[in-house]
Amino acid sequence: MLVDLRLENLAIIDKLEVSFAPGFNVLTGETGAGKSIIVDAVSLLLGGRAGSEIVRTGAEGAVLEGLFQLAPSGPVMDILRQSGCEADDCLIIRRRVSRAGRSRFYLNGNLVPQSLVESLSPLLVNVCGQHQNQVLLTRERHLDILDAFAGLGETKRMFASLYAEWNEVRETLKRLSQGGEEVEREAGLLRSQLTEIEAAKLTAGEEEELKERWKLVANAQKLYTLCAEGLDYLYSANGSALEDLSRVREKLVKIAELDVSFIAVREKLASLEAELSETASLLREYLGKIDLDPAELERVELRLDLLARLKRKYEKDVPGLIGYLEQLKSQLEEVESSEIRLEKLTRQEKELSTRLRQEALALSKQRLAAAQRMCQALVTELGQLGMENSSFHLGRLAAEDLDACRSPIRPHGLDEVEFFFSSNPGEEPKPLMRTASGGELSRITLALKTISTEIETPPTLIFDEVDAGLGGAVSEIIGQRLREISNQGCQILCVTHLAQIARFADRHFLVEKGQAQGRTVARMQLVQGEDRVKEISRMLAGMEVTPATRRHARQLLAGE
C-alpha cells in the first residue's frame, strides 16, 4: 500500500508531504483546490506520461516520491528480484522531471528504466478516474476478473499445467521430426553426459564419507602430535600419570596393610590405574592408524573436486546424480530407438490434445455460467450505485461461440473475454474500454470488488470520479461500499465532493489552494475533530455554514 507521498515543484505544489493509512482515506476540498493533482501525481510517479508542463514555474524540475509497503512475497517481489533491485518490506519509487521534460526513475535509490516502474504500476495501485483505470482498461485482465469471480483459480492452474505438458510433448515431437541429424545430436549429448557420470562410479553416502576422511587426513599431523603428547603424559614419559599413580598405589598398599578399612580405597585406585592403562592402549592403537601420507590427502581432494564439478554441472547432490544417471540411460535408450519414441509421442500428443480441448470446453462452460451470474450481480450492484439503466455483457466466450470452439487453444483455454457495457436503456452494449466514462469505470470497479472479494486488485485503489453526478442517497451507498472494501484489507484513496461519502473515511485530508509570497500554492492536511466537522459542513452547505449545518455534519460523522 501507499504509505508516504512527497511532491516538490509539481504544478501548483511547491512542497507537500503526506502519510496515508490503511483503510479508507478521503481527499476533499473546493473545486480547483488541487485534489486531482494528488491523484495525477501517483499516476506520474508510477510511469504516467509527463512533460515539462508539470514542472512548477521557475523551478529546475519536479520531484515525486512514494513509499510503498510490500507483501513479503508476490509478483512485485518477483519483478524486483529479477531486475536486481534490493527490497525488503518497503519500496521507495522516486521520479525526477527536468524543466526540459526528461524523467529519471529510482527504485530504493537505484536508477532504473521507466519500463520497470511501469511493470510494477498495475501491481501497486489502480487509479480509477478518467481514462486511468488500469484494470478495466486492460482487456487481458477481464478474463482474470471473471475467473476470480467464478473461483476457477485451481481449475485454471490445472489447465495451464496440462497445457504445458501438451506443449512440451508437441515441441519434442516437432524437434524429433526434423530429422535424424537432430536425433543424433541429442544422442551424442546424452552419451557424453552418461560417460562422464558413469566414469565417476558414484556410490550413495560417498561424499559424506569423503568429507569426514578429508577432515582426518588434512589434520593428520595435528592429530598425531596431540595423540603422541597425550600418550606421553599418560604413559610413556618419565613422570607420566600412570607412573605417578603407581607410586601412589604403593603408598596405599602399605596403608591398607596397617588399616584394613583402607582396602576399598586401594582397590578403587587399582581400578583407576587399569582404566588409564586401557586408555593408553587405545591411544597407541589410534596413533598407529593415523595416515600421514600426502598422496592420500590429494586423492581425497581430487575426488571431492570431481563430485563438486558434477554437482555444479548436473544435480545438487550425489543421490541426485545417481538418479540423473538412470534418467540419462532411459533417455538415451529412447533416443536410440527414435522411431518407437516418435510413435509414442505422436500418440501421447493426440491423447493430450483431445483431453486438452475437452478440458478447455468444460472450463469455458464454467466461465459462461459464471459470466451470467456475474453480469446479473453486477447490474444489480450498479443499480445500487446510481447506474440503474446499465447493461453488462461478457463477450467472446467459446461455450457460446461455435467458431471460437475451433480456435487454437491457449494456456488459459479457448476464451478471450471482453467486457461490454451500456449505461443507456435500449442501447446495445459496446466494448467497455471505448464507452465508459471515468466515473462509470470507477463505479464498475467498486461494484466488482463488492460482488466478489476474490477479484484481485492492487493493494491500493484510488477513486477520483466515483461520485460524478450523484445525489445523497446513492453517495451514501458508495461510501458504505468503499468502507467495506477497505475493511477487507484494500487501501482506498478517494477524491470526493460529497459529505455522504467523506463521512465513512478512516482518514480525512483537506486540500486547499492559497497564496505564499505572491504565488498560488496547494496545501494538504489531515483534518480531525472540529476541523473535520467544519469541512463536512462546508461540503453540505457550501461557503455559508450555519449551526444547523454543523449539527447535520456531526450527525453524519456519528453515523446518525
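Residues numbered from 1 in each chain as written. Predicted model: local features only at pLDDT ≥ 70, side-chain atom pairs only at ≥ 80, totals over all residues. Heavy atoms only, no water.

Caption draft 1: Local environment of the sheet that holds strand S3 (residues 24–28). Across the sheet, 6 strands lie side by side as S8-S12-S13-S3-S14-S15; this open sheet has mixed pairing. Every other strand in the sheet has two partners, leaving strand S8 (125–128) and strand S15 (519–526) as the edge strands with one partner each. If you compare each strand with its neighbour and ignore which way they point, the axes differ by 20° on average. Here S3 pairs with strand S13 (residues 491–495) via 4 bridges, running parallel. The residue bridging Leu 27 from the neighbouring strand is Val 495, located in S13. (Pairing = 2+ DSSP bridges. Helix = DSSP H or I, 4+ residues; strand = E, 2+ residues; numbered from the N terminus. Axes fitted to C-alpha atoms, helices over the stretch in contact; angles between N-to-C directions.)

Caption draft 2: Local environment of the side chain of Glu 535. Take Glu 535: it is sitting in helix H19 (residues 529–541). A polar atom in the side chain of Glu 535 sits 2.8 Å from the side chain of Thr 28. Apart from residues no more than four positions distant in its own chain, Glu 535 is found in contact with Thr 28, Gly 29, His 508 and Leu 510. (Polar contact = N/O pair within 3.5 Å; in protein donor to acceptor, adjacent residues only side chain to side chain. Contact = heavy atoms within 4.5 Å.)

Caption draft 3: Expanded view of unusual backbone geometry. In this structure, Asn 9 is a non-glycine residue whose phi angle is positive, near 55°. With respect to the element layout, Asn 9 can be found in strand S1 (residues 2–10). A positive phi angle is found at Ala 11, which is not glycine, with a value near 55°. In this structure, Ala 11 sits in the loop between S1 and strand S2 (13–19). Since its relative accessible area comes to 31%, Ala 11 is described here as partly exposed. (Buried < 20%, exposed > 50% of the residue type's maximum accessible area, 1.4 Å probe, protein only.)

Caption draft 4: Spatial organisation of the environment of Arg 507. Tracing the sequence through the fold places Arg 507 in strand S14 (residues 507–516). Distance from Arg 507 to Ala 360, taken between C-alpha atoms, is 47 Å for residues 147 residues apart in sequence. Non-local contacts of Arg 507, meaning those with residues more than four positions away in its chain, are made with Ser 19, Phe 20, Ala 21, Phe 24, Asn 25, Val 26 and Leu 526. Of note is the side chain of Arg 507, whose polar atom sits 2.7 Å from the backbone oxygen of Ser 19.

Caption draft 5: Quick peek at the packing of aromatic side chains. All told, the structure shown has 5 aromatic pairs when counted by the stated rule. In this structure, Arg 503 is placed above the aromatic ring of Phe 504, and the distance from its NZ or CZ to the ring centre is 4.1 Å. (Phe/Tyr/Trp six-rings, centres within 6.5 Å; stacked < 30°, edge-to-face > 60°. Lys NZ or Arg CZ within 6 Å of the ring centre and 35° of its normal.)

Caption draft 6: Local environment of the side chain of Arg 538. With respect to the secondary-structure elements, Arg 538 resides in helix H19. Take Arg 538: its relative accessible area is 18%, and that puts it in the buried class. Not counting the four nearest positions on each side in its chain, Arg 538 is found in contact with Gly 29, Glu 30 and Val 545.

Caption draft 7: Summary view of the confidence of the model for the chain. The predicted model of the chain averages 83 in pLDDT, with 93% of residues at 70 or higher. Averaged pLDDT values for the elements of the chain fall to 62 in helix H14 (residues 402–405) and rise to 93 in S3. (pLDDT = per-residue confidence, 0-100.)

Caption draft 8: Region of interest: the sheet that holds strand S10 (residues 418–422). As summarised here, the arrangement of the 3 strands in space is S9-S10-S11, forming an open sheet in which the pairing is antiparallel. At either end of the open sheet lies a strand with only one pairing partner, and these are strand S9 (391–395) and strand S11 (430–431). Here S10 runs beside S11; their pairing, made up of 2 bridges, is antiparallel. Of the residues in S11, the one forming a bridge with Phe 421 is Lys 430.

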